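Coordinates in review
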Amino acid sequence: MDSSEKKLALGLFQIIERILLFLVVLMTLGGVAFELHSLYVAQSINLADILLMFLYLEVIGMVAVFYSDRRSASVFPIYIAITALARLIILQGKDMAPENILYEAIAILILAIAAFVMTRLNQVRKYDD
């Protein structure tokens, strides 16, 4: 593969990437709009609704960080997973078997440790550059 063909392929992939990221943001904003509408209709807000908004916010934040510093973007899916697991525990807390809550809490701990390690590695790499 020669240099011009490689540049063309990379340029095409970057365009596709930007289009898909734009679609992710649009769909996320659509989800926020639907959720706000359902909250307005229901006339009540509970903790699960707030955590869902945090999930939407983290997805938009992940796209923003992807454009500002791609190395840090790899940690945001972990934050989203932590929030999603916390939301699941809250939604199913009373109906779940206690051992499942423990498993999910352990999963959150493992994800938090992974996020900490990845953040530290990114800081070390930034200082090396």
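Structure: above.
Everything numeric here is computed off the predicted structure, so don't read it as measured data.

**Focus on the overall build of the protein**
What the protein contains, in helices and strands, is five helices and zero strands. Moving toward the C terminus, one meets the helices and strands of the protein in the order α-α-α-α-α. The C-alpha atoms of the protein give a radius of gyration of 19 Å, which is well past the 14 Å a tight globule of 129 residues would have. When burial is assessed residue by residue, the protein has 23% of its 129 residues classed as buried. Considering only contacts within the protein whose residues lie at least 6 apart along the sequence, 60% involve residues at least 24 apart. Just so you have it, the protein exposes about 9,200 Å², and 71% of that area is on carbon and sulfur atoms. Within the protein, one finds 10 positive and 12 negative side-chain charges whose respective centroids are separated by 8 Å.

**Observations concerning unusual backbone geometry**
The phi torsion at Gln43 lies on the positive side, around 55°, for a residue other than glycine. Relative to the helices and strands, Gln43 is located in the loop between α1 (3–42) and α2 (47–68).

**Some words on the packing of α1 against α2**
The interhelical angle for the contact between α1 and α2, taken along N-to-C directions, is 160°, at an axis separation of 10 Å. Our classification of the angle between α1 and α2 gives roughly antiparallel. Considering how the two elements wind past one another, α1 and α2 form a crossing that is left-handed. Every residue of α2 that contacts α1 at Glu17, Arg18, Leu21, Val24, Val25, Thr28, Leu29, Gly31, Val32, Glu35, Leu36 and Leu39 is listed here: Asp49, Leu52, Met53, Tyr56, Val59, Ile60, Val63, Phe66 and Tyr67.

**Examining the side chain of Thr83**
By the secondary structure assignment, Thr83 is in helix α4 (residues 76–92). The exposure class assigned to Thr83 is buried, which follows from its relative accessible area of 11%. When sequence neighbours within four positions are dropped, the list of residues in contact with Thr83 reads Leu51, Phe54, Leu55 and Glu58.

**As for the packing of aromatic side chains**
Inspection of every chain in the model, using the stated rule, returns two aromatic pairs. Here Phe66 and Tyr67 contribute two aromatic rings whose centre-to-centre distance is 5.9 Å and whose plane-to-plane angle is 85°, an arrangement assigned as edge-to-face.

**Things to note about the side chain of Glu35**
Counting through the fold element by element, Glu35 comes out in helix α1. Not counting chain neighbours up to four residues away, the residues in contact with Glu35 comprise Asp49, Leu52, Met53 and Tyr56.

**Some words on the nonpolar core**
The biggest cluster of nonpolar side chains holds six residues, and these are Leu21, Val63, Val65, Phe66, Ala73 and Phe76. The biggest single contributor to this core is α2, with three residues.

Each value, and the rule that gives it
Residues numbered from 1 in each chain as written. Predicted model: local features only at pLDDT ≥ 70, side-chain atom pairs only at ≥ 80, totals over all residues. Heavy atoms only, no water. Helix = DSSP H or I, 4+ residues; strand = E, 2+ residues; numbered from the N terminus. Rg over C-alpha atoms; globule rule 2.2 N^0.38 Å. Buried < 20%, exposed > 50% of the residue type's maximum accessible area, 1.4 Å probe, protein only. Contact = heavy atoms within 4.5 Å. Areas by Shrake-Rupley, 256 points an atom, 1.4 Å probe, with all protein chains shown as cover. Lys, Arg positive; Asp, Glu negative; His and termini not counted. Charge placed at Lys NZ, Arg CZ, Asp CG, Glu CD. Axes fitted to C-alpha atoms, helices over the stretch in contact; angles between N-to-C directions. Parallel < 35°, antiparallel > 145°, perpendicular 65-115°, else oblique. Left-handed = near helix turned anticlockwise from the far one by under 90°. Phe/Tyr/Trp six-rings, centres within 6.5 Å; stacked < 30°, edge-to-face > 60°. Core = buried A, V, L, I, M, F, W, Y, C linked by side-chain atoms within 4.5 Å.

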